[in-house]
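Residue-level structural notes
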Amino acid sequence: MEALILEPSLYTVKAILILDNDGDRLFAKYYDDTYPSVKEQKAFEKNIFNKTHRTDSEIALLEGLTVVYKSSIDLYFYVIGSSYENELMLMTVLNCLFDSLSQMLRKNVEKRALLENMEGLFLAVDEIVDGGVILESDPQQVVHRVALRRDRVTKEASVAFHPSPPGLNSAD
């Protein structure tokens, strides 16, 4: 019997999802075309939620994909990879995302707090995974980089909205 040998790939993560306790999407980022339309994505998300929201395990194989997940109060966090992907790598991404959000939200990882800090969530996910490639697994580094990016955006916005008055520019 021949063993299937797959080429190694950096493209580890197929999707990152956060659903509420009703199975509705709060955040979803898909990194490939496994589910190309929003309708297919939402159907997949409902299927995942229905299979996982009443269990205490941390991993599931669903529709040919490896799904690692974690719940917190009224949120469900999912990291999805292919069926041959290393579950420990996917779990590392999930733990990094959860721990980063926990630090950013001051241990208050629940729906209301997350919705009030969506910018931080988007920045954190972008720091952890880019195009399906895992970039960072240390929550401390992610939180630090998110804070730096927020500071830079705040300074740029401040300059754009509050230009210096005439006479204060060195060119005047």
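Up top is the structure these notes are about.
Let us look at the structure shown here. (Residues numbered from 1 in each chain as written. Predicted model: local features only at pLDDT ≥ 70, side-chain atom pairs only at ≥ 80, totals over all residues. Heavy atoms only, no water.)

Moving on, we get to empty space enclosed by the protein. All chains considered together, the criterion is met by 1 cavity of 30 Å³ or more. There is about 40 Å³ of room inside the largest cavity. Lining the largest cavity are Lys14, Ala15, Tyr30, Asp32, Thr34, Tyr35, Phe44, Leu65 and Ile80. Residue classes in the lining of the largest cavity are distributed as 6 nonpolar, 1 polar and 2 charged. (1 Å grid on protein atoms, 1.4 Å probe; cavity = no way out; pocket = protein on both sides within 12 Å on 5 of 7 lines; lining within 4 Å. Points joined across faces, edges and corners; volume = space filled by probe spheres on them. Nonpolar A, V, L, I, M, F, W, Y, C, P; charged D, E, K, R; others polar.)

The biggest cluster of nonpolar side chains holds 33 residues, and the ones touching the most others in it are Ile16, Ile18, Phe77, Leu114 and Leu121. Per-element accounting of this core gives the leading share, 9 residues, to helix 2 (residues 87-104). With 15 residues, the next largest nonpolar core counts Ala15, Tyr35, Phe49 and Ile80 among its residues. (Core = buried A, V, L, I, M, F, W, Y, C linked by side-chain atoms within 4.5 Å. Buried < 20%, exposed > 50% of the residue type's maximum accessible area, 1.4 Å probe, protein only. Helix = DSSP H or I, 4+ residues; strand = E, 2+ residues; numbered from the N terminus.)

Attention now goes to helix 2. Over its 18 residues, helix 2 extends 26 Å from the first C-alpha to the last, a length consistent with the 26 Å expected when each residue adds 1.5 Å. Along helix 2, the positions that sit buried rather than exposed are Leu90, Met91, Val93, Leu94, Cys96, Leu97, Phe98, Ser100, Leu101, Ser102 and Met104. For helix 2, the N-terminal capping position is held by asparagine 86, with its side-chain oxygen 2.8 Å away from the main-chain nitrogen of leucine 88. The positive-phi residue at the C-terminal boundary of helix 2 is arginine 106, with phi of around 55°. (Expected span 1.5 Å × (residues − 1). Polar contact = N/O pair within 3.5 Å; in protein donor to acceptor, adjacent residues only side chain to side chain.)

Among the 8 residues of strand 4 (residues 65-72), 6 are classified as buried, and the element is accordingly described as predominantly covered. Here strand 3 (residues 59-62) hands over to strand 4 after 2 residues, with glutamate 63 in that stretch at a positive phi of 55°. Where strand 4 folds back onto strand 5 (residues 75-82) in an antiparallel hairpin, the turn is made up of 2 residues, including isoleucine 73, whose phi is positive at roughly 50°. (Pairing = 2+ DSSP bridges.)

In this section: the layout of surface pockets. In this model, the largest pocket occupies a volume close to 260 Å³. Around the largest pocket sit 15 residues that line it, and Ser9, Tyr11, Ser82, Tyr84 and Glu85 are the ones nearest its centre. Residues of the lining of the largest pocket, tallied by class, amount to 6 nonpolar, 5 polar and 4 charged.

Before going further, it helps to examine the pattern of salt bridges. Any two side chains of opposite charge can pair, given that their charged atoms come close. Using the criterion set out here, one finds 9 salt bridges in the structure. Between lysine 46 and aspartate 24 there is a salt bridge, with its nearest N and O atoms 3.4 Å apart. With lysine 46 in helix 1 (residues 38-52) and aspartate 24 in the loop between strand 1 (15-20) and strand 2 (25-30), this pair connects stretches of sequence that are 22 residues apart. Classification of lysine 46 as partly exposed rests on a relative accessible area of 35%. Among the residues examined, aspartate 24 registers a relative accessible area of 38% and is labelled partly exposed. Put simply, arginine 145 and glutamate 127 hold a salt bridge, and the shortest N to O gap is 3.8 Å. Here arginine 145, found in helix 5 (residues 139-161), pairs with glutamate 127, found in helix 4 (residues 118-128); they are 18 residues apart in sequence, far enough to count as distant. (Salt bridge = Lys/Arg side-chain N within 4 Å of Asp/Glu carboxyl O.)

With 15 residues, helix 1 extends 21 Å from end C-alpha to end C-alpha; this agrees with the ideal 21 Å at 1.5 Å per step. Among the residues of helix 1, Gln41, Phe44, Glu45, Ile48, Phe49 and Thr52 are the ones counted as buried. Down the axis of helix 1, the smallest arc covering the buried residues is 135°, so these residues share one side. Exposed side chains of helix 1 directed beyond 90 degrees from the buried face belong to Lys39 and Lys51. Elements that come into contact with the buried residues of helix 1 comprise strand 1, strand 2, strand 3, strand 4 and strand 5. (Arc of directions from axis to C-beta. Contact = heavy atoms within 4.5 Å.)

Moving on, we come to the environment of lysine 111. Assignment of secondary structure puts lysine 111 in helix 3 (residues 111-116). Judged by relative accessible area, lysine 111 falls into the partly exposed class, the value being 26%. Along the primary structure lysine 111 and asparagine 21 are separated by 90 residues, whereas in three dimensions their C-alpha atoms are 9.1 Å apart. Each residue touching lysine 111, except ones within four places of it in the same chain, is listed here: Asp20, Leu26, Asp74 and Leu75.

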